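Analysis of the macromolecular model
Listed below are the residues making up each chain.
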Amino acid sequence: VRASCSGGIFGNWVTASFTTPCASVTSFVEGFETTTGALFPSCWFKVGASGTANTQASTGITGARNLYIYSSSAASRPVVAMVPVSNANAGTHRMVMKVRGNFSAGETIELGYLTNPTDATTFTAINSIVTNSATVFQTFTTVPSTSLPAGDVVFALRTGTALLSTLIDDITWE
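Residues numbered from 1 in each chain as written. Predicted model: local features only at pLDDT ≥ 70, side-chain atom pairs only at ≥ 80, totals over all residues. Heavy atoms only, no water.

Quick look at the state of the cysteines
Across all of its chains, the model carries one disulfide by this definition. Two residues share a disulfide in this structure: Cys22 and Cys43, whose sulfurs sit 1.9 Å from each other. The chirality of the disulfide connecting Cys22 with Cys43 is left-handed, given an S-S dihedral of about -95°. Separated by 21 residues along the polypeptide, Cys22 in the segment before strand 1 (28-30) and Cys43 in the loop between strand 1 and strand 2 (45-47) bring together distant segments of the chain. (Disulfide = S-S within 2.5 Å. Helix = DSSP H or I, 4+ residues; strand = E, 2+ residues; numbered from the N terminus.)

Laid out in structure tokens, this is it:
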């Protein structure tokens, strides 16, 4: 980037790095297979500093990678934001994912949405499931109410307060 001054005079080139907001979608499938290290897929991110959330290599659910979420205290619950969707309140779609405990069963996983995508305290839960196994996945299905906010909605995941790690995979908005 450089400034265009008057009379055809230009300033020095300066390198700048930035990202643009993600465009909303009407459906998605995320299996985390294209991620590397602990990085999130494009347009997914951990919101705030609480808890631990990352993608990881694992023999967890399906494929070789999944989402790992862990809360070390009841006050430190991680929130993971998904790509925004434009049809959350249409009554035509559902959210489906596979979940299981990492080492122990018994943690709650909440699906909700963020009224402010950069503020974890704006998480509004709409459904939850308690993991019942550390070896066999459960299918967690949510059909959102048509009373969700109109326009773009950022769905998000959050752990409960049992202080157990969970694995999540094959998240689909269909």
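Topic: unusual backbone geometry
For Cys43, which is not glycine, the phi torsion reads 75° and is therefore positive. Positioned with a positive phi, Asp170 is a non-glycine residue whose angle comes to about 50°. The topology assignment puts Asp170 in strand 11 (residues 166-173).

Considering the pairing of strand 10 (residues 154-159)
With six of its six residues buried, strand 10 lies for the most part within the structure. In terms of strand pairing, strand 5 (residues 79-81) meets strand 10 through three bridges, oriented antiparallel. Note that in strand 10 the partner of Ala81 across the bridge is Ala156. Pairing analysis gives six bridges linking strand 7 (residues 108-114) to strand 10, with the strands arranged antiparallel. (Buried < 20%, exposed > 50% of the residue type's maximum accessible area, 1.4 Å probe, protein only. Pairing = 2+ DSSP bridges.)

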